Amino acid sequence: MSQPSTPRNRKPARLTQAKMKLAAEIRDQLQAQGGAAHREVVIGRILRRKGVHGPAAERTRRALLSAFELHAHPEPGSEAPHLFDLPFGPDSYRWALDEPARPAITF
């Protein structure tokens, strides 16, 4: 699967405690959705659970997108684990847990 291109003037994302917490929230929400969901559903549910509105919601939304990207496409040598995937390709808005992180689904 190809990775989305990144602007050349952008610094590589750093793994921080805040991004690890946001990645955990994304992971929990994806697990609650069966392992995959549209990114707007995931972000909306996290914002609703946190009770975030207005400008703070937009900042949190951008932080969630950044945390997802960091854990979907970790830089070589990065400490960020590969947790997430875009199952329908790089332009997809469908987020999923990476195969090893996906919970066992039983029927």
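See above for the structure.
Residues numbered from 1 in each chain as written. Predicted model: local features only at pLDDT ≥ 70, side-chain atom pairs only at ≥ 80, totals over all residues. Heavy atoms only, no water.

Our next topic: the pattern of salt bridges. Within the structure shown, the criterion is met by six salt bridges. Across the salt bridge formed by Arg39 and Glu40, the nearest N and O atoms sit 3.5 Å from each other. Arg39 sits in the buried class, given a relative accessible area of 18%. Between Glu58 and Arg62 there is a salt bridge; the shortest N-O distance is 3.7 Å. With a gap of four residues between them, Glu58 and Arg62 both fall in helix α3 (residues 54-72), about one helical turn apart. For Glu58, a relative accessible area of 36% translates into the label partly exposed. (Salt bridge = Lys/Arg side-chain N within 4 Å of Asp/Glu carboxyl O. Buried < 20%, exposed > 50% of the residue type's maximum accessible area, 1.4 Å probe, protein only. Helix = DSSP H or I, 4+ residues; strand = E, 2+ residues; numbered from the N terminus.)

Our focus in this paragraph is helix α2 (residues 39-50). Between its terminal C-alpha atoms α2 stretches 17 Å, which fits the 16 Å expected from twelve residues at 1.5 Å a residue. Tucked into the core, α2 has its buried residues touching α1 (17-32), β1 (36-38), α3 and β3 (94-97). Just downstream of α2, Gly51 is the residue with a positive phi angle, here 70°. (Expected span 1.5 Å × (residues − 1). Contact = heavy atoms within 4.5 Å.)

With that settled, consider the nonpolar core. Where a protein is soluble and globular, its nonpolar side chains tend to be buried together. Core analysis: the largest hydrophobic core is formed by 21 residues, its most contacted members being Ile26, Leu30, Val42, Phe68, Phe84 and Trp95. For this core, the element with the most residues is α3, which contributes six residues. Ignoring any residue separated from it by four or fewer positions in sequence, one finds Phe68 in contact with Ile26, Phe84, Asp85, Leu86 and Trp95. (Core = buried A, V, L, I, M, F, W, Y, C linked by side-chain atoms within 4.5 Å.)

Another aspect to go through is α3. When the terminal C-alpha atoms of α3 are compared, their 27 Å separation across 19 residues agrees well with the 27 Å that a helix rising 1.5 Å per residue should span. Three or more residues of α3 are buried, namely Ala57, Thr60, Arg61, Leu64, Leu65, Ala67, Phe68, Leu70, His71 and Ala72. Those residues of α3 that are buried are in contact with α1, α2, β2 (84-85) and β3.

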